[in-house]
Amino acid sequence: MYVLLNAPWSVLCYYAEEIGLRVPLQVETTQETNWSEDVLQYLHIKNILAQQVPNPPPDYYTCQFRTNKLKRFLGHENKDTFFKTTQRHQILYEILSRTPYGALKRGEVGIARLVSEKIFTAAYPLHEGPYQMPRAPADPESLSMRQILYQYWARWACWKKYQPLDHIREYFGEKVALYFAWLGFYTGWLLPAAVVGFLLSLFGIWLMVTDVPAHEVCSNGNNIVMCPLCDICSSWNLSSICYTYRAGILFDNGGTVFFSIFMSLWAVTFLEYWKRTCAVLSHRWDCSEFEESEERPRPEFTAMAPTTIRNPVTGAEEPHFPETSRCRRIVTGNMVIIIMVAVVLIFLLAIILYRSILSIIISKSRNAGRIASLTGSVLNLVVILLLSKVYTYLAHILTRWEMHRTQTKYEDAFILKVFIFQFVNFYSSPVYIAFFKGRFVGYPGNYNMLFGVRNEDCGASGCLIELAQELLVIMVGKQIINNVQEFIFPKMKTWWHKRKFNLAHREKGANEQDNVSPWETDYELLVCEGLFDEYLEMVLQFGFITIFVAACPLAPLFALVNNWVEVRLDAQKFVCEYRRPVAERAQDIGIWFTILQVITYLAVISNAFLIAFTSDFLPRLYYRYTTEGSLRGYIDFTLSVAPNNFTQSDIQCRYRGFRDEKGHNTPEYYNLLAIRLGFVIIFEHVVFLISRMIDWMVPDIPEDVQIKIKREHYMAKQALAENQVRLPISTHPTVKPSL
């Protein structure tokens, strides 16, 4: 059974004023452009990204709806089209969400609870007809909005075209449109980062052939015997790692410093210009003041809050939940976060032990360390994905329990919980490899132990290549798995829904060929589960390409290719495979922007320490400075001789480090330590200073947008004034009377 709901004009007007919907006052005629279009036009280059999308939604000056001022709004004569379809959806969902059906103390409120308890199987707005194009040639202006979005946005052939953001906003609402605007903006900014990273990788390939230390390892390595890698392992020749050492140069070379500085400044500039773009879009879409004064309490909060209080801004009575009770619940939720983070660290410790033990078991293999490292990375990825599912479910329960007043605060609290956990979950292993692995090994004859197993050491070619491998396995592996899931799973679920639906029709004796109603067609589609997973995937990717970019210059290129696919996959899901979501308003991308800023600051510090302590850049620079200026003999400079009491081998072996024959640190160790710490301080101060200058030079809101906001405020004040008095305006100069 299906129940088709609609609202009469009086109900629409009442709730439009109640929830603060904005309606048009006057058409705005300013033509909107973007920066790439302006640049190409200035250079007189044909813009292959542009496309003419039919039926562009007009832009209006707007203000909040008032029933008693109806005649002052544009289009008030036609009651059928005055409120947009998405606004009608918002009004109906508001009514359904705040209506109790049982005891308030048990939270028996709203359609969402009824759906979760299987009283209803679904509640959704209807799509505007099928997305497929008509078989007969049709005028583009006659297409429905859904057909336009499919033809000019969701098809794979549109991969190189601008996204029709105004059409997306008109059909799905501001929150979905802002996500796609941010994703497109981010993907466009990845292009220069990918090009620079690719060129630096070519430079690394050239160094693989011409590098002097690599030539020493490959040609003279037979004369250097290295100490055993485990207690039951045998000694090995340095030349056996020739190819691995050359591969390490691809990621660890002089271009690393430049690229780290470039990506740090790239991230800061990207966020500054996104703030400007977001300000333009939020004003154009009438959301620039949404969070401050227009956002209403969540319907579930309205129904379940125990008391009411007067809103100091609007003066209206609103539901209230005591802050002390909320704080107690938030503290409890934070304890759950700490417990789950501890679980992640326990799994990390288990994977470290797994790698160490596996290295011992397969010690006779030539690539024992590489096999242990690679399988450990894959196992780590599996653990990460499993723990993510568990904690996301817990975070949903905890955030609902905390009783946040508005949808924005609810989502911010949920996002922060999950991201803190996911940050530790995804980044703990790369952080361990980058900054801790190989730091507490000891030296031959005096190795440090963990649960009876020797502490992990970096491979002979250094930790940076292991970090690059870990990044590629986690980042690229996660992207491939997510894209396969997003491409295959929705199609399988849709097929299963249609199969069940057709079986039900057969049981009723209905003919499958009969015309199926629109609500039945939409019921076969999947439920839209929001944008959280989409944002989380992109923000974690942003962390990989900024925090650890010194280890893998190709990371932005992989991210760019993934995002080109991601835009079309997400577009197809929303247009073709999802039920139409209820349109939601939003002023910006929420707490995700703050998270991106924190990641940017962490990236500067992380890359400074990566270059100083994990890369070979500073030891090579120091060796050049203290010798005749070449790298001849550098390999011998970085290797120490095992102490005389180390009798595991008959031949005196070597190991990586700056120690004397007694195991004490040499003066070179302390000189390099001072240089490394000095580099960290100089690097982060220079990058942060330039970042602040960029922040100061780029205003958050463009000047023309500020003028439009003031103009809109003036028009709204005039439209909603109780008494409008028209003053005569004289064209003649006023003559001041004399006394």
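Looking at an unreviewed UniProt entry, one finds the chain named Anoctamin and attributed to Pygocentrus nattereri. Looking at the Sequence similarities (unreviewed entry) heading of the UniProt record, one finds this comment for the chain: "Belongs to the anoctamin family."

Caption draft 1: Seen up close, the overall build of the chain. Within the chain, the regular secondary structure consists of 24 helices and twelve strands. Here the contacts in the chain between residues at least 6 apart in sequence split such that 77% fall between residues at least 24 apart. Element-wise, carbon and sulfur atoms account for 62% of the exposed surface of the chain, whose accessible area totals about 38,200 Å².

Caption draft 2: Spatial organisation of unusual backbone geometry. Positive phi values are uncommon outside glycine, yet Asn-55 reaches one of about 55°. Mapped onto the elements, Asn-55 comes out in the loop between helix 2 (35-42) and strand 2 (59-64). Despite not being glycine, Lys-118 has its phi angle at roughly 65°, a positive value. Given a relative accessible area of 68%, Lys-118 falls into the exposed group.

Caption draft 3: Representation of the side chain of Lys-437 in the model. As for its placement among the helices and strands, Lys-437 is situated in the loop between helix 15 (407-435) and strand 7 (442-443). With a relative accessible area of 4%, Lys-437 lands in the buried category. The contacts of Lys-437, once residues within four sequence positions are left out, are Arg-355, Tyr-432, Glu-456, Asp-457, Cys-458, Cys-463 and Glu-466.

Caption draft 4: Structural view of a nonpolar patch on the surface. Taken together, the side chains of Trp-159, Leu-191, Val-195, Phe-198, Leu-199, Leu-202, Ile-205 and Trp-564 make up a nonpolar region of the molecular surface, amounting to roughly 760 Å² of accessible area. The leading source of residues in the nonpolar patch is helix 7 (residues 174-210), at six residues. By secondary structure assignment, the location of Trp-564 is in helix 19 (residues 555-577).

Caption draft 5: Representation of the state of the cysteines within the structure. This model, assessed by the stated rule, comprises two disulfides. Put simply, Cys-218 and Cys-242 are joined by a disulfide, and their sulfur atoms are 1.9 Å apart. Its S-S torsion of approximately 90° makes the covalent link between Cys-218 and Cys-242 right-handed. Residue Cys-218 is found in helix 8 (residues 212-220), and its partner Cys-242 is found in helix 9 (residues 242-251); the two are separated by 24 residues along the sequence. Among the residues examined, Cys-218 registers a relative accessible area of 24% and is labelled partly exposed. Its relative accessible area of 11% is what places Cys-242 among the buried residues. The partner cysteine of Cys-227 in its disulfide is Cys-653, sulfur to sulfur 2.0 Å. The sign of the 85° torsion about the S-S bond sets the Cys-227-Cys-653 disulfide as right-handed. You can see Cys-227 sitting in the loop between strand 3 (225-226) and strand 4 (236-237) and its partner Cys-653 sitting in the loop between strand 11 (639-641) and strand 12 (654-656), a full 426 residues away along the chain. Assessed through its relative accessible area of 5%, Cys-227 is described here as buried.

Caption draft 6: Expanded view of the environment of Ser-264. Within the element layout of this structure, Ser-264 appears in helix 10 (residues 255-284). Of the residues examined, Ser-264 reaches a relative accessible area of 2% and is grouped as buried. In this structure, the C-alpha to C-alpha distance between Ser-264 and Val-604, residues 340 residues apart in sequence, is 5.9 Å. Excluding anything up to four places from it in sequence, Ser-264 contacts Thr-600, Val-604, Asn-607 and Val-687.

Caption draft 7: Summary view of helix 8. All buried positions along helix 8 are accounted for by Pro-213, Ala-214, Glu-216 and Val-217. Relative to the axis of helix 8, the buried residues are bounded by an arc of 160° and lie together on one face. If you follow the buried residues of helix 8, they end up packed against helix 9, helix 21 (617-626) and helix 22 (634-638). Sitting at the head of helix 8, Asp-211 places a side-chain oxygen 3.0 Å from the backbone nitrogen of Ala-214.

Caption draft 8: A look at the environment of Trp-592. Tracing the sequence through the fold places Trp-592 in helix 20 (residues 591-614). Using a relative accessible area of 2% as the deciding quantity, one classes Trp-592 as buried.

Caption draft 9: Representation of the nonpolar core in the model. Core analysis: the largest hydrophobic core is formed by 115 residues, its most contacted members being Ile-168, Phe-172, Trp-182, Tyr-186, Trp-266, Leu-467 and Trp-592. In terms of residues, this core owes the most to one element, helix 7, which gives 16 residues. Ignoring anything within four residues of it in the chain, the contact list for Ile-168 reads Leu-149, Trp-153, Gln-163, Gly-173, Val-176, Ala-177 and Phe-180. Of all hydrophobic cores here, the second largest spans 21 residues; its members include Leu-12, Tyr-15, Leu-21 and Leu-25.

Caption draft 10: Representation of the confidence of the model for the chain. The share of residues in the chain with pLDDT of 70 or more is 88%, and the mean pLDDT across the chain is 81. The low-confidence segment residues 725-739 (pLDDT under 50) makes zero contacts with residues lying over four places distant or belonging to another chain.

Caption draft 11: Structural view of the packing of helix 18 (residues 532-547) against helix 19. Close contact between helix 18 and helix 19 brings their axes to 11 Å; oriented N to C, the two are set at 170°. Taken together, helix 18 and helix 19 sit at an angle that is classed as roughly antiparallel. Each of Glu-534, Glu-537, Met-538, Gln-541 and Ile-545 in helix 18 lies in contact with helix 19, whose residues at this interface are Ala-555, Pro-556, Ala-559, Asn-562, Asn-563, Glu-566, Asp-570 and Lys-573. Its residues placed into classes, the contact of helix 18 with helix 19 shows five nonpolar, three polar and five charged.

Caption draft 12: Spatial organisation of helix 10. In this model, helix 10 (30 residues) spans 42 Å end to end at C-alpha, consistent with the 44 Å of a helix rising 1.5 Å per residue. Within helix 10, 22 of the 30 residues are buried, which leaves it mostly tucked inside the rest of the structure. The first or second residue beyond helix 10 is Asp-286, which carries a positive phi of 65°.

Rules and cut-offs
Residues numbered from 1 in each chain as written. Predicted model: local features only at pLDDT ≥ 70, side-chain atom pairs only at ≥ 80, totals over all residues. Heavy atoms only, no water. UniProt positions renumbered as here; feature names shortened; annotations may be inferred. Helix = DSSP H or I, 4+ residues; strand = E, 2+ residues; numbered from the N terminus. Contact = heavy atoms within 4.5 Å. Areas by Shrake-Rupley, 256 points an atom, 1.4 Å probe, with all protein chains shown as cover. Buried < 20%, exposed > 50% of the residue type's maximum accessible area, 1.4 Å probe, protein only. Patch = residues over 30% accessible without salt bridge, like charges linked within 9 Å, V, L, I, M, F, W, Y side chains within 5 Å. Salt bridge = Lys/Arg side-chain N within 4 Å of Asp/Glu carboxyl O. Disulfide = S-S within 2.5 Å. Arc of directions from axis to C-beta. Polar contact = N/O pair within 3.5 Å; in protein donor to acceptor, adjacent residues only side chain to side chain. Core = buried A, V, L, I, M, F, W, Y, C linked by side-chain atoms within 4.5 Å. pLDDT = per-residue confidence, 0-100. Axes fitted to C-alpha atoms, helices over the stretch in contact; angles between N-to-C directions. Parallel < 35°, antiparallel > 145°, perpendicular 65-115°, else oblique. Nonpolar A, V, L, I, M, F, W, Y, C, P; charged D, E, K, R; others polar. Expected span 1.5 Å × (residues − 1).

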